[in-house]
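Below are the chains, spelled out letter by letter.
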Amino acid sequence: MAGRRGSSLTGAAARRAQNPYKKPDQYTKAAKSAGFPARSVFKLEEIDKRCRLLRQGQRVLDLGAAPGSWSLYAIQKIGPHGHLVAIDLDPLTVSLGPNATALQGDAFDVANDVYVDNGPFDVVLSDMAPRTSGMREADQARSYELVLRALDIARVHGSPGSSFVAKIFMGPDFDKARAAIRETYAEVRTIRPETVRKNSIEVFLVGLKKR
Ligand SMILES: C[S@@+](CC[C@H](N)C(=O)[O-])C[C@H]1O[C@@H](n2cnc3c(N)ncnc32)[C@H](O)[C@@H]1O
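Quick look at the packing of helix α3 (residues 41-51) against helix α4 (residues 69-78) now. It is at 8 Å that the axes of α3 and α4 come closest, and there the two elements cross at 40°. By the angle between their axes, α3 is oblique relative to α4. Where α3 crosses over α4, the two elements pack in a sense that is right-handed. Here α3 contributes V41, L44 and E45 to the contact with α4, which in turn contributes S69, W70 and Y73. When grouped by side-chain class, the residues that make up the contact of α3 with α4 number 4 nonpolar, 1 polar and 1 charged.

This brings us to the environment of E46. With respect to the secondary-structure elements, E46 resides in helix α3. As for E46 and E194, which are separated by 148 residues in sequence, their C-alpha atoms are 8.1 Å apart.

Grouped together as the largest cluster of nonpolar side chains are 51 residues, with contacts concentrated most on A74, V124, L125, A150, F164 and A166. Ranked by the residues each element gives to this core, the list is headed by helix α6 (residues 136-157), at 7 residues. The residues contacting L125, other than those within four sequence positions of it, are V60, L61, D62, L63, W70, A74 and V165.

Mean pLDDT for the protein chain: 91, with 90% of residues reaching 70 or above. Confidence over residues 1-17 falls short of pLDDT 50; this stretch has 16 contacts with residues more than four positions distant or in other chains.

Turning our attention to helix α7 (residues 174-184). Of all the residues in α7, the buried ones are A177, A180 and I181. Projected down its long axis, α7 carries its buried residues within an arc of 95°, all on one side. For α7, the exposed residues set more than 90 degrees away from the buried face come down to D175, K176, A179 and E183. The elements touched by buried residues of α7 are α6, β5 (158-169), β6 (185-191) and β7 (202-210).

Remark: α6 packs on α7, axes separated minimally by 10 Å, with the N-to-C direction vectors making an angle of 5°. The orientation of α6 relative to α7 falls into the category roughly parallel. Counting all contacts with α6, which are made through Y144, V147, L148, L151 and R155, the residues of α7 involved are A177, A180, I181 and T184. Class assignment of the residues belonging to the contact of α6 with α7 gives a composition of 7 nonpolar, 1 polar and 1 charged.

The element strand β4 (residues 121-126) is extensively covered by neighbouring structure, given that 6 of its 6 residues are classed as buried. Relative to β5, β4 runs parallel, the two being bridged by 5 bridges. Each residue of the ladder has a partner; that of V124, found in β5, is F164. Each parallel crossover has a hand, and the one from β4 via α6 to β5 is right-handed.

Rules used in this analysis
Residues numbered from 1 in each chain as written. Predicted model: local features only at pLDDT ≥ 70, side-chain atom pairs only at ≥ 80, totals over all residues. Axes fitted to C-alpha atoms, helices over the stretch in contact; angles between N-to-C directions. Helix = DSSP H or I, 4+ residues; strand = E, 2+ residues; numbered from the N terminus. Parallel < 35°, antiparallel > 145°, perpendicular 65-115°, else oblique. Left-handed = near helix turned anticlockwise from the far one by under 90°. Contact = placed C-beta atoms within 7 Å. Nonpolar A, V, L, I, M, F, W, Y, C, P; charged D, E, K, R; others polar. Core = buried A, V, L, I, M, F, W, Y, C linked by C-beta atoms within 7 Å. Buried ≥ 20, exposed ≤ 12 C-beta atoms within 10 Å, placed from the backbone. pLDDT = per-residue confidence, 0-100. Arc of directions from axis to C-beta. Pairing = 2+ DSSP bridges. Right-handed = clockwise from strand over helix to strand, strands pointing away.

Below is the structure:
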């Protein structure tokens, strides 16, 4: 077995074998060959197709944007007259072009001016996820906090009629998160894209038609 004494796998190969998330599957390979750094692009593509979120000329905020698949997808959809702001703790690994602003920072700390100067936003995306600790309840609670932070930003800086997408780890706070989004958006949908890995607890909450 991988990682056991006597295994032929060592180092990175052994770590990949132990962690299914590190193993490139068909979607990872398809994303890379299409020029996207991560397979997550297919999740946004499905959400976009189902909810008709992204259009030419829109202003988009992408929270938790690194390595950059969602931002690259969104920038292609909004075209040269749109504008995208991408924020993450980590730097993006892709270049987004002239109609994007990429900032390295914490969504809890980014100065309000960034949103004021670049908004109001037609779409606020949050694929933010905590670094998983292995303690399921703690990870779920942190994921819920990230959703609430994204929602706070969207409430203030989303334009009337705008949309909101946030990843959440399914758990005890899910209903509260959904209800909080429903207070601000006329419609709320829960989507688990087909490309979410079978053992993952992530789902996406989509708010449509901001009041
Ligand atoms: C699943 S990845 C996002 C993938 C990205 N949507 C893409 O398509 O390339 C989750 C990201 O959330 C970021 N993140 C977590 N907490 C954050 C915070 N407080 N502020 C900003 N980014 C955060 C992580 O650094 C990580 O890059």
